[in-house]
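The lines below spell out each chain.
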Amino acid sequence: MSTVGEGAISYDAKALREKYLEERDKRLRRDGLRQYIEAAGEFADFSDDPYVGRPAPRPAVTEDLDVAVIGGGFGGLLTAAKLRDRGMGSFRIIEQAGDFGGTWYWNRYPGVRCDIEAYIYMPLLEEVGTIPQERYATGQEIFAHCQAIGRHYRLYERALFQTKVTKIVWDESRARWQIHTHRGDRLNARFVTVSQGPLAKVKLPGIPGIRDFQGKLFHSSRWDYAYTGGDQQGGQTKLATERVAVIGTGATAVQIVPKLARHAGHLFVFQRTPSAIDRRGNAPTDLNWFSGLPRGWQRRRMHNFLSIISGQPQAEDLVADQWTDFWKRFGAAMAAHQASGSRVSPMEVMQRIDYAKMGELRARCAGIIENPRTAAAVQPWYNYLCKRPLFSDEFLEAFNRDNVTLIDTDGRGVGAITKSGVVFDGHEYAVECIIFATGFDVGAPPHKVGGYQLIGKHGVSLDTKWADGVRSLHGTQMSGFPNFHIVGGTAQGSTAFNFTHILAMQAEHAAELIDRSLRGGVRTQEVTPDAERRWLATMQAKHHDMAQFYEDCTPGFLNNEGEFRDKPTFVGATYGGGPIEYQRVIEEWRASGVETDTTRTYVEEPIARSPAAVSSL
Ligand code: NDP
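The structure contained in this document is the topic of the report that follows. (Residues numbered from 1 in each chain as written. Predicted model: local features only at pLDDT ≥ 70, side-chain atom pairs only at ≥ 80, totals over all residues. Heavy atoms only, no water.)

Structural notes on the sheet that holds strand E16 (residues 404-408)
The strands making up a sheet associate through backbone hydrogen bonding, with each pair oriented either parallel or antiparallel. Pairing within the open sheet is parallel, and its five strands lie in the order E11-E20-E12-E13-E16. The sheet is open, and its two borders are formed by strand E11 (216-219) and E16, each paired with just one other strand. Averaged over all pairs of adjacent strands, the angle between their axes in this sheet comes to 15°, without regard to strand direction. Two elements, strand E13 (residues 266-271) and E16, share five bridges in a ladder whose sense is parallel. Looking at E16, one finds that Phe 268 is bridged to Thr 405. Along the sheet, helix H8 (residues 251-263) contacts strand E12 (243-247), E13, E16 and strand E20 (433-436); its crossing angle with E12, the most-contacted strand, is approximately 170°. (Pairing = 2+ DSSP bridges. Helix = DSSP H or I, 4+ residues; strand = E, 2+ residues; numbered from the N terminus. Axes fitted to C-alpha atoms, helices over the stretch in contact; angles between N-to-C directions. Contact = heavy atoms within 4.5 Å.)

Rendered as structure tokens:
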């Protein structure tokens, strides 16, 4: 037995590995990604907007514009803000929801919060003047900040809400994109930016009998407060006599459960795979500290965090939370390993840190939950980054209540839904309400998330272009799609736990390139197929082979539910040099790559900004 100690926890590495694989094997399914149901067709109502009424009638808009910004979440807001910063006003933001906010518009479930420190997650704090009330902000506060960005940059006057884009087509004769919407609008834009968000496409579990259920059933991102009562802070008192089932124990469920536990007559939590849940450690913002922060602090703090969790040690850890702690442990272990001249492989060193971390989190379950069977059932057995790490000081605690029952399906998931309840292992749990906290189709291409057709030059659709895999430059621009920018492009682009940082990088990229084109009289700018080929080669050269890591992981969206060999994973499809290097690459490209990697046509007269736009500022 090779018992190894790392910190306070010692463990048998061989036995642990076997246990991890055994738990993974319980969860691997033949139907992999196909186990989920899209909220479309007969299930389309799961995506309906419960937060606004029917849109007020308005005449269809027909306009020529400089820029159409598709999506009003942080991606679209950042893009529009950066267009405004450059003096542009001839743009529209088209958003299918009733307001700005994106994921924070939709996700209004009780307890909703962001796991990333508000001071780095909420962009444009300095510009807008928002002071987050707490270190980890509520969804309500983040949504309010999105609205504040909208007001600060006067984006409301440029927004078309409750408007769904149906088709975006390149019109070669006019060198404009035609944007069609379900409300009959026809916008003709020189440039288009699309920001559909990675967490926008509702995913339903493929459990037989969903339509048979006669009680209340909804997805967590479409919360029905009229039914439950209360608000995002809690107070779901209308559930006092109800039996409620929450399906799922991921990031969303971990926040919902403590709130419902307080009020539901009885709460059944159906678990397929336990999450790894660390302590939250929230705190109110120290206003003295905040008011003393020097100009430019937010950018520095974001960079510092991203550097540390990208494995680039910094002299100081400005955020100093559970995220950075984990990466600093890696860094320290690797430094000690190199200094010692040990013959243990670096992978093994990293694995030891991981075993120790997960051991701490399992011990935490046992330390909090009084019922030993429940405490054992919620212990996660996989590597820390196989699933998204979570943080809560209330979730595990909820199982100490008499009205909360964990139904651990031991990896199998819920068997069926009947007209009156949820079935597992032949037993029906009668409930009046079921909440699917089953997540989103992460990483679908923008037009699939947005539900529109995207057709570039010569009538070639993005589906056709990407039939054999994503082809782009930097995950943001594509040959055959001139004047088109993806903001929030992860495939061949980048990602990070602090996703708004990636959005800020790509929004800056798009706004800068659009501004330069307009100033320089550029009619069309299109990356060349050769530039795409070279980027693909760079992607391949930078690619980290994560096959073994994913192979060993319990299934989840990070390893395509175990189907990672034929289809790139969400993370595996990103630039392997990491987000900090990615930022440098795109900045350098803006400085010196545009001439070689794009073809351009010019208008006879440089396009001055539309006067209306400038005067509107
Ligand atoms: P997830 O995809 O993370 O979780 C879905 C849950 O549903 C999993 O527990 C999954 O189990 C379970 N599930 C799926 N099918 C079944 C089934 N048939 N029977 C029982 N259980 C089932 O979705 P979330 O909405 O929780 O989170 C999505 C993402 O949103 C997160 O990764 C995060 O990026 C973001 N988020 C961030 C938050 C934050 O900052 N705090 C809060 C909320 C969300 P299994 O694990 O076995 O697949």
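Here's the deal with the pattern of salt bridges
A full pass over the atoms with the stated rule returns 45 salt bridges. Where Glu 23 meets Arg 27, a salt bridge forms, and the shortest distance between an N and an O atom there is 2.9 Å. With Glu 23 and Arg 27 both in helix H1 (residues 13-27), this residue pair falls four residues apart, about one helical turn. Arg 27 carries the same exposure label as Glu 23, and that label is buried. The salt bridge involving Asp 317 is made with Lys 328; its shortest N-O contact spans 2.7 Å. (Salt bridge = Lys/Arg side-chain N within 4 Å of Asp/Glu carboxyl O. Buried < 20%, exposed > 50% of the residue type's maximum accessible area, 1.4 Å probe, protein only.)

Here's the deal with the nonpolar core
Phe 74, Leu 155, Trp 223, Val 246, Leu 260 and Leu 267 are the most contacted members of the largest nonpolar core, which totals 125 residues. With eleven residues, helix H17 (residues 499-519) is the single largest residue contributor to this core. Two domains each donate at least three residues to this core, and these are domain 1 (4-40 + 202-280 + 349-436) and domain 2 (62-201 + 446-526 + 602-611). Core analysis: the second largest hydrophobic core is formed by 24 residues, Ala 68, Leu 160, Val 192 and Leu 454 among them. (Core = buried A, V, L, I, M, F, W, Y, C linked by side-chain atoms within 4.5 Å. Domains from an automatic or database assignment.)

Some thoughts on empty space enclosed by the protein
Using the criterion set out here, one finds one cavity of 30 Å³ or more in the structure. Lining the largest cavity are Phe 191, Gln 477, Met 478, Phe 481, Pro 482, Asn 483, Phe 484, His 485, Gln 525, Glu 526 and Val 527. Secondary structure elements with two or more residues in the lining of the largest cavity: strand E22 (484-486) and strand E23 (522-527). The leading source of residues in the lining of the largest cavity is E23, at three residues. (1 Å grid on protein atoms, 1.4 Å probe; cavity = no way out; pocket = protein on both sides within 12 Å on 5 of 7 lines; lining within 4 Å. Points joined across faces, edges and corners; volume = space filled by probe spheres on them.)

Comments concerning the side chain of His 337
Of note, His 337 is situated in helix H11 (residues 322-340). When near neighbours in sequence (up to four residues on either side) are disregarded, His 337 contacts Ser 342, Val 344, Ser 345, Pro 346 and Val 349.

Quick notes on the packing of helix H2 (residues 74-85) against H17
Interaxial distance between H2 and H17 falls to 8 Å at its minimum, and their mutual angle equals 40°. In this view, H2 runs oblique relative to H17, as classed from their interaxial angle. By crossing handedness, the relation of H2 to H17 is classed as right-handed. Where H2 approaches H17, its residues Phe 74, Gly 75, Leu 78, Thr 79, Lys 82 and Leu 83 are matched on the opposing element by Thr 500, Leu 503, Ala 504, Ala 507, Glu 508 and Ala 511. For the contact of H2 with H17, the residue count by class is seven nonpolar, three polar and two charged. (Parallel < 35°, antiparallel > 145°, perpendicular 65-115°, else oblique. Left-handed = near helix turned anticlockwise from the far one by under 90°. Nonpolar A, V, L, I, M, F, W, Y, C, P; charged D, E, K, R; others polar.)

Concerning the site of the ligand
Taken together, 26 residues form the shell around the ligand, and within it Asp 115, Thr 252, Arg 272, Thr 273 and Lys 387 come nearest. Ala 437 is positioned such that a nitrogen or oxygen atom in its backbone is 3.4 Å from an oxygen atom of the ligand. A total of 910 Å² of accessible area belongs to the ligand in isolation, and the protein chains cover 90% of it. When the residues that make up the shell around the ligand are grouped by side-chain class, the tally is twelve nonpolar, nine polar and five charged. Shared between two domains, the shell around the ligand holds at least three residues of each, these being domain 1 (4-40 + 202-280 + 349-436) and domain 2 (62-201 + 446-526 + 602-611). (Near = heavy atom within 4 Å. Polar contact = N/O pair within 3.5 Å; in protein donor to acceptor, adjacent residues only side chain to side chain. Areas by Shrake-Rupley, 256 points an atom, 1.4 Å probe, with all protein chains shown as cover.)

Thoughts on the sheet that holds strand E19 (residues 427-430)
Strand order across the open sheet formed by three strands is E17-E18-E19, with antiparallel pairing between neighbours. Whereas interior strands pair on both sides, the edge strands pair on one side only; in this sheet they are strand E17 (416-417) and E19. Sheet topology note: the E17/strand E18 (residues 421-424) ladder contains two bridges and is antiparallel. Across the sheet, the residue bridging to Ile 417 is Val 422, located in E18.

Structural notes on helix H6 (residues 139-152)
The terminal C-alpha atoms of H6, which comprises 14 residues, lie 20 Å apart, in line with the 20 Å expected from a rise of 1.5 Å per residue. Counting buried residues along H6, ten of its 14 residues qualify, which places the element largely inside the surrounding structure. In this structure, the buried residues of H6 make contact with H2, helix H3 (103-106), helix H4 (118-121) and helix H5 (125-128). One or two positions beyond H6, positive phi appears at Arg 154, with a value near 50°. (Expected span 1.5 Å × (residues − 1).)

Some remarks on the state of the cysteines
Applying the stated criterion to the full structure yields one disulfide. Sulfur-sulfur distance for the disulfide between Cys 386 and Cys 553 comes to 1.9 Å. Torsion about the S-S bond of the Cys 386 and Cys 553 cystine: about -80°, corresponding to left-handed handedness. Of this pair, Cys 386 sits in the loop between helix H13 (372-377) and strand E15 (390-391) while Cys 553 is found in the loop between helix H19 (547-552) and helix H20 (578-592), placing the two residues 167 residues apart along the sequence. On the basis of relative accessible area, Cys 386 is assigned to the buried category, the value being 3%. Free of any disulfide, Cys 365 has its nearest neighbouring cysteine sulfur in Cys 386, separated by 16 Å. (Disulfide = S-S within 2.5 Å.)

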